[in-house]
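Fold and geometry: a report
Residues per chain are reported as follows:
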Amino acid sequence: MKAFILAGGFATRLWPLTEKRAKPLLPLAGKPLLSHLVEKIPEGIPITVSTNQVFAKDFEKWKAVSDKREAIRILIEDAGHEGEKLGALGAVAKWVREEKIEEEVLLLAGDNYIGFSLAEFLKAYEGNPLLAAYDIRDREKAKQLGTVIAELKTKNQKLETCHVTAFEEKPKNPRSTLVSTGCFLLPASVLPALISFAREKPDNIGGIFEHFLAMGTPVDCKAFVEPWFDIGSFEAYLEATKALVGENVLGAPTDDGNVFEGSVVLGKGSKVLKSTLKNVVLFDNCTIDDCILENCILDNGCTLKGVDLTGKMLRENTTLIRD
Amino acid sequence: MTTPGWLFVMITMRNFALTRRQASLRNFAYIAYATVIGMAGFALAFYFLKETLFSRLLLLMGGALSTIFVFFWHIIFDRVQRIALRTGYPTYPLLVIGTNREAVRLIESLERARSPFAPVAILDGKGTSLKEIAGIPVLGKLNILEDVVRQKKITHLVQCDQLEHSFNLLSLCTKLGMTYLLLPSLLGIIQQREHV
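Residues numbered from 1 in each chain as written. Chains lettered and ligands numbered in written order. Predicted model: local features only at pLDDT ≥ 70, side-chain atom pairs only at ≥ 80, totals over all residues. Heavy atoms only, no water.

**Some words on the environment of C296 of chain A**
Residues and elements named next belong to chain A.
- Here C296 lies in strand β19 (residues 292-298).
- Take C296: its relative accessible area is 0%, and that puts it in the buried class.
- Considered as a pair, C296 and L282 are 14 residues apart in the sequence and their alpha carbons are 8.2 Å apart.
- Among residues more than four places away in sequence, those in contact with C296 are L238, N279, V280, V281, L309, T310, G311 and K312. (Helix = DSSP H or I, 4+ residues; strand = E, 2+ residues; numbered from the N terminus. Buried < 20%, exposed > 50% of the residue type's maximum accessible area, 1.4 Å probe, protein only. Contact = heavy atoms within 4.5 Å.)

**What to know about the pairing of strand β17 (residues 276-282) of chain A**
All names here are of chain A.
- Taking burial as the measure, the 7 residues of β17 include 5 buried ones, the bulk of the element.
- Bridge analysis of strand β15 (residues 259-266) against β17 gives 6 bridges, and the strand direction is parallel. If you follow V265 over to β17, its bridge partner there is V281. (Pairing = 2+ DSSP bridges.)

**Things to note about the domain arrangement of chain A**
All names here are of chain A.
- Domain assignment breaks chain A into domain 1 (2-237) and domain 2 (247-321).
- One C-alpha centre belongs to domain 1, the other to domain 2; they are set 32 Å apart.
- On the side of domain 2, 12 residues touch domain 1, which itself brings 12 residues to the contact.
- Of the roughly 1,100 Å² buried where domain 1 meets domain 2, counting both sides, 68% is carbon and sulfur surface. (Domains from an automatic or database assignment. Buried area = accessible area lost by both parts, 1.4 Å probe.)

**Structural notes on the interface of chain B and chain A**
- In this assembly, 15 residues from chain B lie in contact with 15 residues from chain A.
- Carbon and sulfur atoms make up 56% of the surface buried where chain B meets chain A, a total of about 1,300 Å² over both sides.
- Interface area lost by chain B to chain A is led by E164, F167 and N168 of chain B, which between them contribute 47%.
- At the boundary of chain B and chain A, one finds 1 salt bridge.
- Two residues, E146 of chain B and R315 of chain A, come together in a salt bridge whose shortest N-O distance is 2.4 Å.
- Along the contact surface separating chain B from chain A lie 7 residue pairs in polar contact (both at pLDDT 80 or more).
- Within the residue set of the side of chain B that touches chain A, elements represented by two or more residues are α5 (145-151) and α6 (166-176) of chain B.
- Here the element with the most residues in the side of chain B that touches chain A is α6 of chain B; it accounts for 4 residues. (Salt bridge = Lys/Arg side-chain N within 4 Å of Asp/Glu carboxyl O. Polar contact = N/O pair within 3.5 Å; in protein donor to acceptor, adjacent residues only side chain to side chain.)

**Notes on the sheet that holds strand β18 (residues 287-289) of chain A**
All names here are of chain A.
- Spatially, β16-β18-β20-β23 is the arrangement adopted by the 4 strands of the open sheet, whose pairing is parallel. Strands at the two margins of the open sheet, each flanked by one partner only, are β16 (271-273) and β23 (319-321). Strand-to-strand twist in this sheet, taken as the mean axis angle between neighbours without regard to direction, amounts to 5°.
- Judged from the 3 bridges that link them, β18 and strand β20 (residues 303-305) form a sheet pairing that is parallel. (Axes fitted to C-alpha atoms, helices over the stretch in contact; angles between N-to-C directions.)

**Some points on the nonpolar core**
Residue and element names in this part refer to chain A.
- Ranked by size, the top nonpolar core spans 37 residues in total, and within it I5, I41, V49, F59, L106, L118 and F121 carry the most contacts.
- Each residue touching V49, except ones within four places of it in the same chain, is listed here: I5, A7, L34, F59, W62, I72, R73, I74 and L75.
- Among the nonpolar cores identified, the runner-up in size contains 35 residues, and L6, W95, A193 and I208 belong to it. (Core = buried A, V, L, I, M, F, W, Y, C linked by side-chain atoms within 4.5 Å.)

**Points about unusual backbone geometry**
Residue and element names in this part refer to chain A.
- Cis geometry marks the peptide bond from W15 to P16; its omega dihedral reads 5°.
- Locating P16 in the fold gives a position in the loop between β1 (2-6) and β2 (27-28).
- Unusually for a residue other than glycine, K170 sits at a positive phi of about 45°.
- Of note, K170 is situated in the loop between β10 (161-169) and β11 (178-186).
- Judged by its relative accessible area of 52%, K170 is exposed.

**Some details on the pairing of β11 of chain A**
Residue and element names in this part refer to chain A.
- The element β11 is largely enclosed, with a buried count of 9 among its 9 residues.
- Sheet topology note: the strand β8 (residues 130-135)/β11 ladder contains 5 bridges and is antiparallel. By the bridge assignment, L130 is partnered in β11 with L185.

**Examining the domain arrangement of chain B**
Residue and element names in this part refer to chain B.
- The assigned domain composition of chain B is domain 1 (3-86) and domain 2 (92-187).
- One C-alpha centre belongs to domain 1, the other to domain 2; they are set 36 Å apart.
- Across the interface of domain 1 and domain 2, roughly 730 Å² is buried in total on both sides, 55% from carbon and sulfur atoms.
- Viewed at the interface, domain 2 and domain 1 are joined by 1 salt bridge.
- Here E111 ties to R86 by a salt bridge, and the two come within 2.9 Å at their closest N and O atoms.
- For the pair domain 1 and domain 2, the number of links is 4 residue pairs in polar contact (both at pLDDT 80 or more).
- Residue classes in the side of domain 1 that touches domain 2 are distributed as 2 nonpolar, 1 polar and 2 charged. (Nonpolar A, V, L, I, M, F, W, Y, C, P; charged D, E, K, R; others polar.)

**Some words on the confidence of the model for chain B**
- Within chain B, residue pLDDT values average 85, and 91% of them lie at 70 or more.
- For this predicted complex, the interface score ipTM comes out at 0.74, while the overall pTM is 0.79. (pLDDT = per-residue confidence, 0-100.)

This is the structure:
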């Protein structure tokens, strides 16, 4: 088995946090999102991380600095901007074709946080394409995701491993709130079908499961209850931080008349003085003096003095000073 | 001949704004008020110079006619100006941020009124499947903001969605010399038939 992590997107929805960094390298609760994912992959499975030219150096740096596993390879797509990218499925197909992959592929979306164990997920594999699902319990959110309609394999079974009867990518009227988590296991037998489907729809990773079902290939699903987040928006990023950090302060808080509430993340070199922070993420080298911040994300190098902000995301090096 | 005088009175009273919609009751009230002040000033100046006053009828007629003529002049100028400012590439190209219902209403309203602020492009931070709204193209997400501003020569930006970006957008507008506008509904301020 080989693992393939999709990290070739340009993360346009998370502007400006992703203006100069790839989404999988965004810090989440103190370490890059990609590190959370890689740590979940059982030892012994070689990992390929697929990215684009723009962020290639950042991924190499991430590999050198933060990764202890040797069997990681960074694969660079020949894409310099959004319009040139191969597409998620296109990137997988190219890799399978060029590397002549003839074994199971553990396919993972690099911008998703998964709280469940991948070892547990792999145990559910019975030779059919398998996907990990999560009940998001919100039909509005389900409209933006790939939804899974599943039925139990046997009576009296809990909704854990089941047959997928339908897969709908971003449905207007979702029939289910069980959503795909960007974690898939594909047997070698379906890889030729994947390559051929990718030629027509290179960016439709969810569509491959609809294609499998249309071909009569059974698709299985393993449902999890552990936290899962698609870090695709300001709200999702804050929500994921709150879930992972809890009512704590991550980083090195100083005792300079500060009040910290909820989840607070302080990046390297960030200083907070005489301020109240509630559910705030400070990236590196920020300076906050005499401020009240709530539900805010501040990119590297922001300087704030004497301002009160709620629900803001600030671009790198923003300076707001009220004398 | 009297136009510069009226303009002076209106400008000093801060009642003159050529980009405003002119055919409105409020604008008529501004002009009528400026006329009253203007006529009073004229009569007073005449008294100081000639030591005599106008007939009251002449003053009333002068005031009424001035109000009517200045008001209609504004309306005609407004029509001509709206056509002129939108002929060829708009003089004030407007970038709309957001594709929510308020953004759609704003764009439709600006287009219907042939406003001098002509929407030329839309960006949506969340991403949308919409390709256009009322004929105005949705070009993508905020990651291409600076490119769009330069390519479309944007002079005004109006934020209709995603309040978390207000500082980033304001900062960019300051940096590039654009005017930043914020739709009041984004702050929960709704103007029509509100009840508390």
